[in-house]
Amino acid sequence: TPSRNSITMDLFELHVTHHRVSINSFPVAEVGTHSFALLQVLFDDKWRQSNQDQFLSFTICPNGLCTLVMDDICSQSFSATLNKMSSSDEVWRVVRVELGHSGANESQSSITAKLSGPLAKKSIPIYYCSTFDSEMFMLREKDLDEATLALQNVLGVTLFDETGEKRTVATNTVGSDSSTLQTQINKLRVFSNDRLQCMKMTRHNPAAATHFLLNLMLFDNRNQLFSIVSVGDEISLILREQIVSRFPPGCLQSGGNVWRPIMVDEGDLGFTSCGVVYCVTKPLAKEDIEVFYLSVFDTDYCLVTDEDLDRSIALLQQEGFAIGK
């Protein structure tokens, strides 16, 4: 019996996981307030054995804000400090993207644009999260039915429930298409000195690696983009290129690319903004640019490879984006 809902098609498969998450934020200066819970959820083996396959994403942004995305079980560890966070006040569902037979030849920007396009046209906000091994996006739980039909109608998607039966959604659930996107994105910012790598770390690495990562999270990464996503036994990291060599040998697996961050520079986007992911990735998809996309509490980051940065900037400028540095 399947343990997840599945949306299946030839290009890719979408798995609506059991995770029900909240999206939260707090200043980087207050990381220490939440350090015990972060330590427990990420690295306490005893806790993890009792709470397997939980979801947590923690990101430090250059603007001094942290984003914490966590499921119900992880939230219990933060119960003493939740009142010190800002929250989206919505329940979100995690959707995992897995490539189908024809998806292997698609660029990541193409897949991201194809997924986000139908949702943007239905004014459904999404929260996107790339990791080392997979792509995920989040939908508000109240939007699941409408999102299912929107993806099905445009991309030929079928949704199955936890028993493997086709999920029935009333056709009147879907509203009309938006003639224009609710959110018009015009300004982007390139962090010209930031060179990042995406790494994978398993939980079976030496204690020294865990200690170094904790130090990095709590004390040594206040002004540059840093992200850690923990799902099951996998830890996916976005790190500054120059600090990767400081980890103990053999504890990190690299994807090989150096990534350059492009930030949506429109102020606080909020959680009702629609079409942000689509607006940014659609121009890049035309030229099959590889992307690593990361939404945070108040904005989005689109990472492109170092060799594609100039071409990406040119493509975005051709679409009318103003690019700042």
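Look up a bit, the structure's there.
Residues numbered from 1 in each chain as written. Predicted model: local features only at pLDDT ≥ 70, side-chain atom pairs only at ≥ 80, totals over all residues. Heavy atoms only, no water.

*Asks:* Go over helix α4 (residues 108-121), please, and point to the residues and values.
*Replies:* A rise of 1.5 Å per residue sets the reference length of α4, with its 14 residues, at 20 Å; its end C-alpha atoms lie 20 Å apart and thus fit the reference within 8%. Taken across its 14 residues, α4 has 12 buried, putting it largely inside the fold. Backbone geometry just after α4 places Ser123 at a positive phi near 60 degrees. (Helix = DSSP H or I, 4+ residues; strand = E, 2+ residues; numbered from the N terminus. Expected span 1.5 Å × (residues − 1). Buried < 20%, exposed > 50% of the residue type's maximum accessible area, 1.4 Å probe, protein only.)

*Asks:* So, the pairing of strand β8 (residues 135-140): which residues are in play, and what are the values?
*Replies:* With six of six residues buried, β8 is to be regarded as a mostly interior element. Along β8, one buried face is formed by Glu135, Phe137 and Leu139 and the opposite face, lined by Met136, Met138 and Arg140, is buried too. Note that strand β7 (residues 126-130) and β8 share five bridges and pair antiparallel. The partner of Tyr128 across the bridge, within β8, is Phe137. (Pairing = 2+ DSSP bridges.)

*Asks:* Can you tell me about unusual backbone geometry, naming the residues and giving the values?
*Replies:* In this structure, Ser123 takes a positive phi of about 60 degrees despite not being glycine. Mapping Ser123 onto the fold places it in the loop between α4 and β7. Judged by relative accessible area, Ser123 falls into the partly exposed class, the value being 25%. The phi dihedral of Asp288 falls on the positive side, at around 55 degrees, and the residue is not glycine. Residue position: Asp288 is located in the loop between α7 (276-285) and β16 (291-295). By relative accessible area, which is 47% here, Asp288 ends up partly exposed.

*Asks:* Outline the environment of Leu309, listing residues and values.
*Replies:* Positionally, Leu309 belongs in helix α8 (residues 309-318). Owing to a relative accessible area of 7%, Leu309 belongs among the buried residues under this scheme. Between the C-alpha atoms of Leu309 and Pro261, which are 48 residues apart in sequence, the distance is 9.0 Å. When neighbours within four sequence positions are excluded, Leu309 is seen to be in contact with Val190, Arg260, Ile262 and Val304. (Contact = heavy atoms within 4.5 Å.)

*Asks:* Lay out the packing of α4 against helix α5 (residues 144-155) with the relevant residues and their values.
*Replies:* Here α4 crosses α5 at 120 degrees, and the two axes come no closer than 9 Å. Of the two elements, α4 crosses α5, and the hand of that crossing is right-handed. Across the interface between the two elements, Lys114, Leu115, Pro118 and Leu119 of α4 pack against Ala147, Ala150, Leu151, Val154 and Leu155 of α5. Across the contact of α4 with α5, the residue classes tally to eight nonpolar, no polar and one charged. (Axes fitted to C-alpha atoms, helices over the stretch in contact; angles between N-to-C directions. Left-handed = near helix turned anticlockwise from the far one by under 90°. Nonpolar A, V, L, I, M, F, W, Y, C, P; charged D, E, K, R; others polar.)

*Asks:* Please provide a residue-by-residue account of empty space enclosed by the protein, values included.
*Replies:* If you walk through the whole model with that rule in mind, you get five cavities of 30 Å³ or more. There is about 200 Å³ of room inside the largest cavity. Taken together, 23 residues line the largest cavity, and the ones lying closest to its centre are Ile126, Gly270, Ser273, Val276 and Asp300. Sorting the residues of the lining of the largest cavity by element identifies α4, β7 and α7 as the ones contributing at least two each. Grouping the amino acids of the lining of the largest cavity by side-chain chemistry returns 15 nonpolar, six polar and two charged. (1 Å grid on protein atoms, 1.4 Å probe; cavity = no way out; pocket = protein on both sides within 12 Å on 5 of 7 lines; lining within 4 Å. Points joined across faces, edges and corners; volume = space filled by probe spheres on them.)

*Asks:* Mind laying out the layout of surface pockets, listing which residues take part and the relevant values?
*Replies:* In this structure, the largest pocket occupies an estimated 430 Å³ of space. Lining the largest pocket we find 19 residues, and of these Gln108, Thr131, Phe132, Glu135 and Glu290 sit closest to its centre. Of all the elements in the fold, those that place two or more residues in the lining of the largest pocket are β6 (92-99), α4 and β16. Sort the elements by how many residues they give to the lining of the largest pocket and β6 lands first, with three residues. Along the lines of polarity and charge, the residues of the lining of the largest pocket split into eight nonpolar, seven polar and four charged.

Geometric values such as these leave the question of function open.
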